[in-house]
Amino acid sequence: MSSDKVVTVLGGGSWGTALAHVMAVSGAKVLLWMRSDDRVAEVNEQHTNSRYLKDKKIHPDVVATADLERAAKFAETIIVAIPSANFRSVAYELGDFVTGDQVLVSATKGFEAEHLTRMSDLLREETCCRKIGAISGPNLADEVMENMPTATVVASPYHEVIEKTAALLAGPTMRVYGNHDLVGVEVHGALKNIVAIAAGAAAGMNLGQNSMAMLLTRGLAEISRFAEALGADRMTALGLAGLGDLIATCNSPLSRNNSLGRKLAEGKTLTQAQAESIKVAEGVNTTFAAAKHASRLGVDMPITRGIHKVLFENAKPHEVLAGLMSRANRYEHTEVQIDAPSLVEGSVVETALAVAARERGW
Amino acid sequence: MQNTLRDAAIVELRSRVLEACIMQSRLPDGMPLDVLVNDTLYHEKKRLEIDRKSPTRDADLAFWSSVKAKLGRGSGEDVRNLLGQIIGRFADEIRGNFSPTLYNVATRVMPKALPMLLNAMSPRRLLQRGIPDIADTIVIQGQVDALRKMSQKGTIILTPTHVSNLDSPVIGWAIYAMGLPAFTYGAGLNLFSNPMMALFMRNLGAYRVDRMKTAPLYKDVLKEYATVSLEMGNHNLFFPAGTRVRSGKIEQRLKLGLMSSGLKAYVNNLLHKKEQPNIYIVPCTLNYYLVLEAETLIEDHLQREGKSRYIITDDESYLMRKILQFTQNLINLEARITVHVGDPIDPFGNRVDPETGASLDRHGREVDIVKYVTDRKGVPVHLPQRDRVYTAEAGEAVAREFLRHNVVVATQLTAFTLWEILKRRHPEQDLYRLVRTGDEGFGVAASLLTEKVLAVWQALAARAERGELHLESGVVAGGDAAAIVRTALRHFGTYHTHPVMVRKGDRVFCEDMKLLHYYSNRLRGYGLEKELDQVLRSEVAA
């Protein structure tokens, strides 16, 4: 196992392929693992992955394989970009081949719904590896393939993971930032997909820029409340993995979650919308998981609830929008209702005075 | 531990810390040696201003005055010597005076001595029953065989839960009873100042930790002491709660000091190519019907909302009368203290196969843990930031094991049930108000309490079935709710200043809400409150 700029990427979807490509551009030897032999042959012979990335050319230093053992033993660092639904089973298989000195980095944004398990937790549970991290940020696969400049966040409790992964990813078109808040980076990465679906629906309904800005801001507010409840650092919300990723995903018709939202706005059901795309919209799973756990965590997530209604309860987007707009007015940070503020004021006398004033109607 | 080894260990320790000081002083941001000496001098002077009762105060004052005098005048070589002296002094202070002969005597005498002491006030009982054996009082269960096997395969760090100052003698005796050699452990100086505790402590391989000493250099020496001792193959005992848990809960936020020493020792063992480099962490729980210092501890917890006062020097464990009363109860009520030994884990938090000593992942696949600490060339290397994260993970594993190996006793189960009923009866009151105003003497029908205890027991039994906790063999495992309540009432009626709960006619009353809260807290962290919310809310007997 040589270690100088060598990396394995698991998952030959659009993001896995784009990551493999960008690291090859930065001078790394990349082994890309994917299950389908046909697509392995396509990557190796034609340097394209037409199923996901049409005719975009992949760097020739990306070599594909369908042999997981070979992929696991090829490099010290392994980046895992498998859809969340299959993530655990692949991680389990991977567990047969990896050793404790290897670095595993999740590039998948999503949760396992049942226990809200993050992807890095799955790597931890299914393998013996400890040096685990995640990458997230405004990284639309198609733009990365076009070599457009962007930045990403590598998060891990370990310096070592951040340093080694940054060395692989950083290049002429990719800046890398580090963050020790693995929980925050992963949770924001996953939850922004919910807002992306909402943004797609808003765009599909031609609601204009004001409403889009409202959606993004209030979406970020509820995501960051949820993330904090899980132990994330509040500052992460304002970084690339939070706000950055949210802006990119919500503004781009390239985003699969965004385009799912647009289809829903056209009046399609979830099944119909999903049937039209081969790419997996992670936001669907994530909406289900977040809605399920929000009440347990005591976090109010009105936008998420709304999307949940559209996706799983056959509600129409415009009905949900009406519901959201008619919610009680609230204070921005505390979520306290404007017309029902806390009755207790500073002292007993002040409380009594305030109650009396309210009863008189100001 | 042989004395020769100990001397070698001290020499090793001194040179290690001194070299580290010199090395860091050469870095651009490092602390120059004279500043380091000065900093230590400052902390010690501050301590001596407050710590007026210290028996070594005069000697300390003289020493630090001489340090001060020499510091201004010396050359670089002199400062190094001075630093060496300081480190040596700290190391000597920390080092206990363990003698194997004394240990053997102490452990032979203790099984008889402790109960005899407990019973000394009642010659009649002594005549009637003969001298009770400590083995009847302290029940040792769990992975005892695994612990013995691990102690042959590597070096053990035993990490018990910590609720009482009695924990040290109890675990000390348990180690002896399991046929293990003496464990080294760092005990607070306050334990040595209690004559009764000191009797047991001195001879059980304890080294001294002076919590008043705040100088960073002292803490470095202390940590390195544990590391060297582990490298020398001495099994260590370490309470990861750091201090007695005030709230009565099972500790979940752990201090990782000695566990990080374990990892450091492991890497050093690999570097020195030791034949048995492995360090095993074995969590264990100590479970009491009643806790000696419960009143002081919960008071402190409520006052400080969990922020622990570091040292309580005037609690029940310092009053001979209270200790005697407490231990008398142990004997009279045939209360047992259960020591439950948990499953061994490695310094990275993986579980370990007791047969082979190998680490396993969650699917039982063997893990080569050397790889966790080697660099690209396969050489073991210390990386403090990485190792802190590893240790934090090991700490989480220990916390999980504590929950899993908790042994539920009748007092906790009954206290939990009654507390939760009362809490739901007064939903408008927050914790502090509920504790202050209590239940206003209303009480709970005994039949209702028994019924709810049964419901809680069923939820606990389901968890025990799934391996999430243990039920005490005997009355709790039996599942007879009426018997559980009777046992709890019998114990709660004695010892504490006010009985935690009493039965009057067909009702049960709580007479000390703080203690009720304290004992109920041991069952937090299992999600019982939520699962049984409806059951505990309804006060109508089903």
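Residues numbered from 1 in each chain as written. Chains lettered and ligands numbered in written order. Predicted model: local features only at pLDDT ≥ 70, side-chain atom pairs only at ≥ 80, totals over all residues. Heavy atoms only, no water.

Colleague: I tried to follow the packing of aromatic side chains on my own but got confused; where do I start?
Modeller: The description of an aromatic ring pair uses the distance of the two centres, along with the angle that the planes make with each other. Residue and element names in this part refer to chain B. Scanning all chains against the criterion turns up 12 aromatic pairs over all chains. Aromatic pair Phe90 and Tyr218: ring centres 5.1 Å apart, planes at 80 degrees, arrangement edge-to-face. On the criterion of sequence distance, the pair formed by Phe90 in helix H4 (residues 76–94) and Tyr218 in helix H12 (residues 216–231) is long-range, its members being 128 residues apart. Summarising the aromatic geometry, the rings of Tyr207 and Tyr225 are spaced 4.7 Å apart at their centres and angled 45 degrees between planes, so their arrangement reads as tilted. (Phe/Tyr/Trp six-rings, centres within 6.5 Å; stacked < 30°, edge-to-face > 60°. Helix = DSSP H or I, 4+ residues; strand = E, 2+ residues; numbered from the N terminus.)

Colleague: Mind showing me how you'd approach helix H14 (residues 294–304) of chain B here?
Modeller: Count 3.6 residues to each turn of an α-helix, and residues three or four apart come out pointing the same way. Within H14(B), eight of the 11 residues are buried, leaving the element largely enclosed by the surrounding structure. All buried positions along H14(B) are accounted for by B:Ala294, B:Glu295, B:Thr296, B:Leu297, B:Ile298, B:Asp300, B:His301 and B:Leu302. (Buried < 20%, exposed > 50% of the residue type's maximum accessible area, 1.4 Å probe, protein only.)

Colleague: What is the right way to look at the packing of helix H9 (residues 182–204) of chain A against helix H12 (residues 256–265) of chain A in this model?
Modeller: Helix-helix packing is described using two parameters, namely the angle between the two axes and the distance between the axes. Residue and element names in this part refer to chain A. Contact pair H9 / H12: the axes reach a minimum separation of 6 Å and the direction vectors enclose 45 degrees. The pairing of H9 with H12 is recorded here as oblique in orientation. Judged by the sense of rotation from one axis to the other, the crossing of H9 with H12 is right-handed. Contacts from Asn193, Ala196, Ile197, Gly200, Ala201, Ala203 and Gly204 of H9 reach H12 at Asn257, Asn258, Leu260, Gly261, Arg262, Leu264 and Ala265. Classifying every residue of the contact of H9 with H12 gives seven nonpolar, six polar and one charged. (Axes fitted to C-alpha atoms, helices over the stretch in contact; angles between N-to-C directions. Parallel < 35°, antiparallel > 145°, perpendicular 65-115°, else oblique. Left-handed = near helix turned anticlockwise from the far one by under 90°. Contact = heavy atoms within 4.5 Å. Nonpolar A, V, L, I, M, F, W, Y, C, P; charged D, E, K, R; others polar.)

Colleague: Can you help me understand the sheet that holds strand E7 (residues 337–341) of chain B in this one?
Modeller: Think of a sheet as strands paired side by side through backbone hydrogen bonds, with each pair either parallel or antiparallel. All names here are of chain B. Taken together, the seven strands give an open sheet; going across it, the order is E1-E7-E6-E2-E5-E3-E4, and neighbouring strands pair in mixed fashion. Each edge of the sheet is formed by a strand with only one pairing partner; in this case those strands are strand E1 (138–142) and strand E4 (206–209). Direction of pairing for strand E3 (residues 184–188) relative to strand E5 (residues 236–237): parallel, over a ladder of two bridges. Residue pairing in the sheet places Thr184 in a bridge with Asn236 of E5. Packing against the sheet, helix H8 (residues 144–153) makes contact with E1, strand E2 (155–160), strand E6 (279–287) and E7, and its axis sits at approximately 145 degrees to E2. (Pairing = 2+ DSSP bridges.)

Colleague: Looking at this structure, how should I read the nonpolar core?
Modeller: Soluble globular proteins: nonpolar side chains tend toward being buried together. In this structure, A:Met23, B:Leu158, B:Leu516 and B:Tyr519 are the most contacted members of the largest nonpolar core, which totals 184 residues. Of all the elements, helix H20 (residues 446–465) of chain B adds the most residues to this core, at nine residues. With residues up to four places along the chain from it excluded, the contact list for B:Leu516 reads B:Ala415, B:Leu418, B:Trp419, B:Leu422, B:Val500, B:Met501 and B:Cys510. Judged by nonpolar contacts, the second largest core, of 41 residues, contains A:Phe111, A:Ala196, A:Ile223 and A:Leu270. (Core = buried A, V, L, I, M, F, W, Y, C linked by side-chain atoms within 4.5 Å.)

Colleague: When you look at the sheet that holds strand E9 (residues 359–360) of chain B in this model, what are you seeing that I'm missing?
Modeller: Residues and elements named next belong to chain B. An order of E8-E9-E10 is seen for the three strands of this open sheet, with the pairing classed as antiparallel. Strand pairing shows two members of the sheet lacking a second neighbour, strand E8 (351–352) and strand E10 (366–367), which therefore form its edges. As judged from the two bridges shared by E8 and E9, these two strands associate in the antiparallel manner. Paired with Arg351 across the bridge in E9 is Leu360.

Colleague: Just checking my understanding: could you explain the interface of chain A and chain B for this structure?
Modeller: For an interface, size is often stated in terms of accessible area lost upon the parts coming together. Facing the 22 residues of chain A at the interface are 19 residues of chain B. Between chain A and chain B we count four salt bridges in total. Across the salt bridge formed by B:Glu393 and A:Arg130, the nearest N and O atoms sit 3.4 Å from each other. At the junction of chain A and chain B, the tally comes to 13 residue pairs in polar contact (both at pLDDT 80 or more). Secondary-structure elements contributing two or more residues to the side of chain A that touches chain B are helix H6 (119–126) and helix H8 (159–169) of chain A. (Salt bridge = Lys/Arg side-chain N within 4 Å of Asp/Glu carboxyl O. Polar contact = N/O pair within 3.5 Å; in protein donor to acceptor, adjacent residues only side chain to side chain.)

Colleague: Help me out: how do you make sense of helix H9 (residues 167–177) of chain B in this one?
Modeller: Residue and element names in this part refer to chain B. Burial within H9 is extensive, with nine of its 11 residues counted as buried. Listed as buried for H9 are Asp167, Ser168, Pro169, Val170, Ile171, Gly172, Trp173, Ala174 and Ile175. In the segment just after H9, Gly179 is the residue with positive phi, at about 80 degrees.

Colleague: Sorry, what's going on with the pattern of salt bridges here?
Modeller: Side chains carrying opposite charge are able to pair once their charged atoms draw close together. Residues and elements named next belong to chain B. On inspection of all chains with the given rule, the structure shows 60 salt bridges over all chains. Residue Lys213 is joined to Asp210 by a salt bridge in which the shortest nitrogen-to-oxygen separation is 3.1 Å. Accessibility classification places Lys213 together with Asp210 in one group, the buried group. Arg246 is paired through a salt bridge with Asp300; the nearest N and O atoms lie 3.0 Å apart. With a gap of 54 residues between them, Arg246 in the loop between E5 and helix H13 (257–271) and Asp300 in helix H14 connect regions that are remote in the sequence. Taken together, the shared-partner salt bridges in this structure form one network comprising Glu44, Arg47, Asp51, Asp60, Arg89, Glu93, Asp210 and Lys213.

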